[in-house]
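Coordinates in review
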Amino acid sequence: MIEICDVVKSFGDTRAVDEVSLMIAPHTICALVGTSGSGKTTLLRMINRLVEPTSGNIRVDGRDVMSVPAYELRRQMGYVIQGHGLFPHWTIARNIATVPSLLGWDRRTIDRRVDELLDLFQLDPATYRNRLPGELSGGQRQRVGVARALAAKPNILLMDEPFGALDPVTRGKAQEELRIIQQKFGTTIVLVTHDMDEATHLGDRIAVLDKGRLLQHGEPADIIANPATDFVRELVGTTDRAFRLLSLATLGEHVESGTADGEPLEATMTLRSAYSELLWSGRKAAPVARDGTVLGIVTLDGLGRLAARP
Amino acid sequence: MSPLGLVLRLAGLVLLVWLVVQPTAFAGLLALFTRPGQPSVYNQGSLLALTISHLLIVASAIAASALLAVGLAIFVTRPFGVDFLPVSRALANIGQTFPPVAVLALCVPLLGFGTTPTLVALFLYGLLPIFENSLAGLSSVPPPVTEAAKGMGMKPMQRLIGVELPLSMPLMLAGLRLSTTIALSTAAIGSTVAAPTLGEVIIAGLQTGNTAFVVQGGVIVALLAVLIHEGFVALERSQRRRIGL
Ligand SMILES: Nc1ncnc2c1ncn2[C@@H]1O[C@H](COP(=O)(O)OP(=O)(O)OP(=O)(O)O)[C@@H](O)[C@H]1O
Ligand SMILES: [Mg+2]
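Residues numbered from 1 in each chain as written. Chains lettered and ligands numbered in written order. Predicted model: local features only at pLDDT ≥ 70, side-chain atom pairs only at ≥ 80, totals over all residues. Heavy atoms only, no water.

A look at the pattern of salt bridges
Residue and element names in this part refer to chain A. Evaluated as defined, the whole model comprises 19 salt bridges over all chains. In this structure, the salt-bridge partner of Arg 113 is Glu 116, at a minimum N-O distance of 2.6 Å. In this pair, Arg 113 and Glu 116 both sit in helix H5 (residues 107-120), 3 residues apart, roughly one turn of the helix. Using a relative accessible area of 7% as the deciding quantity, one classes Arg 113 as buried. Among the charged side chains, a salt-bridge network with shared partners connects Arg 15, Asp 18 and Arg 213. (Salt bridge = Lys/Arg side-chain N within 4 Å of Asp/Glu carboxyl O. Helix = DSSP H or I, 4+ residues; strand = E, 2+ residues; numbered from the N terminus. Buried < 20%, exposed > 50% of the residue type's maximum accessible area, 1.4 Å probe, protein only.)

Focus: the domain arrangement of chain A
Reports often express the size of an interface as the amount of accessible area lost when the parts come together. Residue and element names in this part refer to chain A. For chain A, the assigned domains read domain 1 (2-239) and domain 2 (244-307). With 8 residues of domain 1 in contact, the opposing surface of domain 2 contributes 4 residues. When domain 1 packs against domain 2, the two sides together hide about 560 Å² of surface, and 59% of this comes from carbon and sulfur. The three residues of domain 1 that bury the most area against domain 2 are Asp 197, Thr 200 and Ile 224, which together make up 54% of that side's buried surface. Where domain 1 touches domain 2, the interface holds 1 salt bridge. For Asp 197, the salt bridge identified is with Arg 244, shortest N-O distance 2.7 Å. Applying the counting criterion to the domain 1 and domain 2 interface returns 2 residue pairs in polar contact (both at pLDDT 80 or more). Elements with a minimum of two residues in the side of domain 1 that touches domain 2: helix H9 (196-202), helix H10 (220-225) and helix H11 (230-236). For the side of domain 1 that touches domain 2, the class distribution of residues is 6 nonpolar, 1 polar and 1 charged. (Domains from an automatic or database assignment. Contact = heavy atoms within 4.5 Å. Buried area = accessible area lost by both parts, 1.4 Å probe. Polar contact = N/O pair within 3.5 Å; in protein donor to acceptor, adjacent residues only side chain to side chain. Nonpolar A, V, L, I, M, F, W, Y, C, P; charged D, E, K, R; others polar.)

Structural notes on the pairing of strand S2 (residues 14-24) of chain A
Residues and elements named next belong to chain A. Judged from the 7 bridges that link them, strand S1 (residues 2-11) and S2 form a sheet pairing that is antiparallel. Opposite Phe 11, over in S2, you have Thr 14 as the bridge partner. Hairpin connection between S1 and S2: a loop of 2 residues separates the two successive antiparallel strands, and Gly 12 in this loop has a positive phi of roughly 60°. (Pairing = 2+ DSSP bridges.)

Some thoughts on the site of ligand 1
Residues and elements named next belong to chain A. Taken together, 13 residues lie near ligand 1, and Ser 36, Gly 37, Lys 40, Thr 41 and Thr 42 sit nearest. A distance of 2.6 Å separates an oxygen atom of ligand 1 from a polar atom in the side chain of Thr 41. In the complex, the protein chains occlude 59% of the 640 Å² of accessible area that ligand 1 would expose alone. Its residues assigned to classes, the shell around ligand 1 shows 2 nonpolar, 9 polar and 2 charged. (Near = heavy atom within 4 Å. Areas by Shrake-Rupley, 256 points an atom, 1.4 Å probe, with all protein chains shown as cover.)

So, the sheet that holds strand S6 (residues 77-80) of chain A
Residues and elements named next belong to chain A. Taken in spatial order, the 6 strands line up as S6-S7-S8-S3-S9-S10 in an open sheet, and their pairing is mixed. Edge strands, defined here as strands with exactly one partner in the open sheet, are S6 and strand S10 (213-218). Between one strand and the next, the sheet's axes are offset by a mean angle of 15°, whatever the strand orientation. Across 5 bridges, the pairing between strand S9 (residues 205-210) and S10 is antiparallel. The residue bridging Ile 206 from the neighbouring strand is Gly 218, located in S10. Helix H7 (residues 138-150) rests against S6 and strand S7 (156-160) of the sheet, and its axis sits at about 165° to S6. (Axes fitted to C-alpha atoms, helices over the stretch in contact; angles between N-to-C directions.)

Right, dumping it as structure tokens:
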């Protein structure tokens, strides 16, 4: 649980963060969105005290962050910095092992953890363990950055545009990995992004910042359907909000009864992909299946109703 | 390193050691530079002893400059030390604006003749290159890297030793190389105030009009400077590779 109460951060005359109060529930992903310079990074860095608030306070699991030594606080949280920030003179293994080493884990536990994480991010340990960051591609470096943040199994993960430099395909994969990890370990994640798709896709809740102020905080569907201000409406985008709404749910959650012909669609597919699939194959309906068992059907009409303004 | 480069460096090293340990082997060659009746090989002391003392003087002066300059660079790049950046820059600059001869001349009345004024001059002269390069090195560490180190929960000392110093090592070594090569040639001037360096050989040659002395003193100093310079370059290169540059 992260509680941000009336937090202000001023740099000279500018208020980078202006009286923000925000509650982030345990085991959820909160996406911080906003345009460049809106104060996302500053707000994030106040959670691990890389920036100290001018006023207001931040509590993590009930404890004021200012009441613990900064280094201790930071070792308990994973931090993925904007632009990866790997140590260029350390091997990938040593980079990932940073926090476990600081915490004094024994050698063997650390080695096992490093290999486990490399596996998780689909980097073959034997190949990559002893490479330097300079010998990896940009996308691989970003994944190592995330692995390093996860190494000591933190309950809280702070991520500053972790997938910024990735191509759409790799980015999609990395987002899936993050989703899986989050569900497996119940990590509380604060994710800074300016990609609204990423925010709606990953966030349980979205917090919209503009000029340091928190404009709206709510579930993605709510923000898409009822943007609080013109700025939020613009950020959400008016032309494709119906599709954004569809991308929030999976087929499995909206199975209709009936029968339909043709290739079945997987229940884990988002409504948006299913809609596209139906249009593409020229069908009005298709069976929905999970692991080979047909659960029911999905229809264009049904999807049409789900995409309409709630 | 190219094979030719390696051969040349090895040849230089062999020549240096040979010349210093057994200068009589070169008597015939050096005799080409003498006038009738003059000795061709330096005969007022041991070349080996002078070379060692020359190197020791340079090494101790530069070690002292490095200690102070690197320490100063670290200090002024810490949050509590940034206010002192302009002052320390000015201080290190003083060492450079004085010509070494002037420093020597000023030191003699204060410190007397001998090794001390030379040490002081070399020490002052060595400060600026090391300081400037260490400063450049420490400030060249990319901000995301230092921020990451902080964000991971490293304490200030752990960040300095684990991240900042290794990453600025190549530039620090470059500063050390500059100072050392300058000091190697400047140390020779120290013999004008009676410091036991290879300058003695050159000065003796100049005083007696014996070009052979000047040549052997000059060649030894030059070879020392070139070889030590090359050694540093190799060290910097390996450091650079180690930090993935
Ligand atoms: N250390 C600092 N000193 C002065 N001003 C700062 C500092 N850090 C941030 N700011 C200012 O605070 C505001 C918010 O910056 P911040 O980095 O939080 O934005 P952001 O939302 O993360 O932007 P981006 O999406 O470009 O990363 C900006 O106007 C920025 O110039
Ligand atoms: Mg930012």
